[in-house]
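Read off the chains here:
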Amino acid sequence: MSPDLPPVVPSVTAELVGALPPRLRKRLDAGVTKLVARPAVRDGDTVRIAVDDDTDLVLHAPGGAVTRADAIRCGCLLAPDCLHRAAAASAAPVADEAPAGDPEKPETPDEPETAPEAGAGDDAANAGRRAAARAVSDAAAAVLEAGTDGAGAVLQAELLHAAHTARLAGLPRLSAAAVAVVTGVRAARSGDPGYRLTDLAGALAGVLGVAHRLPHATGPELTDLRGTARQPYRPDGSLRLYGLFSEPVLTATGYAGAVTWTADAEGRLYTVSDVAPGGPARATGAADRAVRIGDTSLTHRELSRAGLAVSGATVSPTGRLGAGAGVRAVRASGVAWRAEPLDRLWAVPAAEQVSRALNGGRDLLFLEVTPVGAVRETAGDCLLADCDGLSVLLTTAHDDPSLPCRENLRLLAAAGRGRLRIVARLVPGPFPRALLLAAEHPADPDARVDLGLDRLQHADLPGGVVAPPDRALPAGDEAPLHLLRRRVHQAVSGGRRVLAFAGDRPGDGARLRRAGLATAGDLLDDLHAAAADRSRDVFGRLLPADTDRFGRSWLAAAVYTDAVERALCADAWGATATGAGGARPPATPVH
């Protein structure tokens, strides 16, 4: 995936790839690799790529996205049925198919959303939705069957076509979930530093889960599964907001920018965002752009320390402030984190905050910690901190070297200061872990540092010297649940064949059952059986694999693993995980 290219809507990519003859489809992945190595030159709404010395490929993106197949033009002799047009669409970020130009759109185009109450459709419409759900399920199962290593541009285009069909059938949540899988696969195949295997596994589980439940859902469950193409904004009158912090946005889906978090006098959180197609440069530059709300000239960086008085406010269900024509906003004074009304955010016990996050609320944590020091992990250094007797591991929110996250964390770990207020994002898992987003300044508790945007200096430290981490995390015993989680993740990367060849490690199922995880043992056995299930015809030739069975077995294992990990996370923080998606802790400890 190339962030230099404008985003392309799924229907265009599906159309261009679908029109290729079989001989060119086989060469498509190689064509994508070759094309992304060529420089792209942007001139307004047009991006031009020199395919060779004599041929140019042009993408026209009015409004920021390519929405028609004829907006991608090539000067080669085989055009318009050439490989270059399909390769360009397959290399570009995936655009939102919702109407362009709406300033009150979701922060990212691949975020599943809830919907208003759905009316009862006729039989034809219901049949169309079931068919669309089946198409998405089949296409997503084929991607899982191949794994990221084998899910090339053709399989991606088939899933994008299914996503487009789902949107036309009135299933925007399913469509958005399918698009999230494609963007994750592209990030994996391109070596994007923002790619996370766990995120792609979650996206695959999400799209397969929604597709599985849709045909049988009714009432409120159906409403939720259908989703809506746009977040509804509701009027919220006048607001007095206080800046909390800003964070960069740099996604594996090709979007970048900044989000500034604010709070009102009651502690409710609101966000102002500037997110659009782009890469690291846009993420670092967005902090110094003016916020797009009312007539204020505040930048995101300034708003994170100041305040905002808003009249005629409109707010989405996720707390995002709208920027409609009727909204007015002016600069107001801000307050320190230790002053009211922001102080009350840190007064909520950590366990209560984690419970809220695990049960569908905000995943932000407002913690007061004592840094213990830097420790080493495979992925890099992290900060070990004490939070009222609980050891918490704080890691970087972004690994991209253009952002200061990792260096700031190392400096903060060496600061040697006592109690420190931080803002972090919960990372569900069997041990207390969170992504560090903002912190009080090491030398001034009335100041704060946005760790993804501001750069701490050695002079900010009391000693001025940063020592390397003097300890590594103890290896400890491998949690038995890892035996199942590892196979779930291996399938995402290597596909069905990896599990079929690997087979079950001797004793894995028995170990899970001895730990009180009998269901996990059964799921592991079933997953390996589904991966190895290949029938033969009367001539002894292998028949096509049953992707549906493998997809269902993998989904069951993924859902179970997520539920148990949520329960373990709640237990680690002393919290509770109940409600939608929650799980009760197993009777026998597993770590």
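Residues numbered from 1 in each chain as written. Predicted model: local features only at pLDDT ≥ 70, side-chain atom pairs only at ≥ 80, totals over all residues. Heavy atoms only, no water.

A word on the packing of aromatic side chains
Here comes step 1: One pass over the full model with this rule turns up three aromatic pairs.
Here comes step 2: On the numbers, 4.9 Å between centres and 35 degrees between planes, the contact of Trp337 with Trp346 is tilted. Considered together, Trp337 and Trp346 belong to a single accessibility category, that of buried residues.
Here comes step 3: Where Trp346 meets Phe366, the ring centres are 5.1 Å apart and the plane angle is 75 degrees; that geometry is what we call edge-to-face. Of the two residues, Trp346 is situated in the loop between strand S9 (328-332) and helix H12 (350-358) and Phe366 in strand S10 (residues 364-377); the sequence distance between them amounts to 20 residues. Taken as a pair, Trp346 and Phe366 share a single burial class, namely buried.
Here comes step 4: By the ring-pair criterion, three or more aromatic residues cluster together here, those being Trp337, Trp346 and Phe366. (Phe/Tyr/Trp six-rings, centres within 6.5 Å; stacked < 30°, edge-to-face > 60°. Buried < 20%, exposed > 50% of the residue type's maximum accessible area, 1.4 Å probe, protein only. Helix = DSSP H or I, 4+ residues; strand = E, 2+ residues; numbered from the N terminus.)

Brief notes about the environment of Ala61
Here comes step 1: By the element assignment, Ala61 lies in the loop between strand S3 (56-60) and strand S4 (72-74).
Here comes step 2: Separated by 53 residues in the primary sequence, Ala61 and Val8 have C-alpha atoms spaced 8.4 Å apart.
Here comes step 3: The contact partners of Ala61, leaving out residues within four places of it in the chain, are Pro6, Asp45 and Val66. (Contact = heavy atoms within 4.5 Å.)

Some words on the nonpolar core
Here comes step 1: If you look at the biggest cluster of nonpolar residues, it comprises 61 residues, and the most contacted ones within it are Leu174, Val181, Val207 and Trp554.
Here comes step 2: Breaking this core down by element, the ones donating at least two residues are helix H5 (123-150), helix H6 (153-168), helix H7 (172-190), helix H8 (197-213), helix H14 (481-494), helix H17 (518-532) and helix H18 (547-573).
Here comes step 3: When neighbours within four sequence positions are excluded, Trp554 is seen to be in contact with Leu144, Ala201, Leu204, Ala205, Leu208, Val488, Ala491, Val492 and Leu527.
Here comes step 4: Core analysis: the second largest hydrophobic core is formed by 35 residues, Val8, Val51, Leu83 and Ala91 among them. (Core = buried A, V, L, I, M, F, W, Y, C linked by side-chain atoms within 4.5 Å.)

Things to note about the state of the cysteines
Here comes step 1: Under the criterion given, the structure shown has zero disulfides.
Here comes step 2: Cys74 takes part in no disulfide bond, and the closest cysteine sulfur, belonging to Cys76, lies 3.6 Å away. (Disulfide = S-S within 2.5 Å.)

Things to note about the confidence of the model for the protein chain
Here comes step 1: Summarising the model, the protein chain shows a mean pLDDT of 85, and 87% of its residues fall at 70 or more.
Here comes step 2: Here helix H15 (residues 496-502) is the element of the protein chain with the lowest mean pLDDT, 83, and H6 is the one with the highest, 96.
Here comes step 3: Counting contacts from residues 99-121, a segment whose pLDDT is below 50, to residues more than four positions away or on other chains yields 57 contacts.
Here comes step 4: Segment residues 579-591: pLDDT under 50, and 22 contacts once partners within four positions in sequence are set aside and those in other chains are kept. (pLDDT = per-residue confidence, 0-100.)

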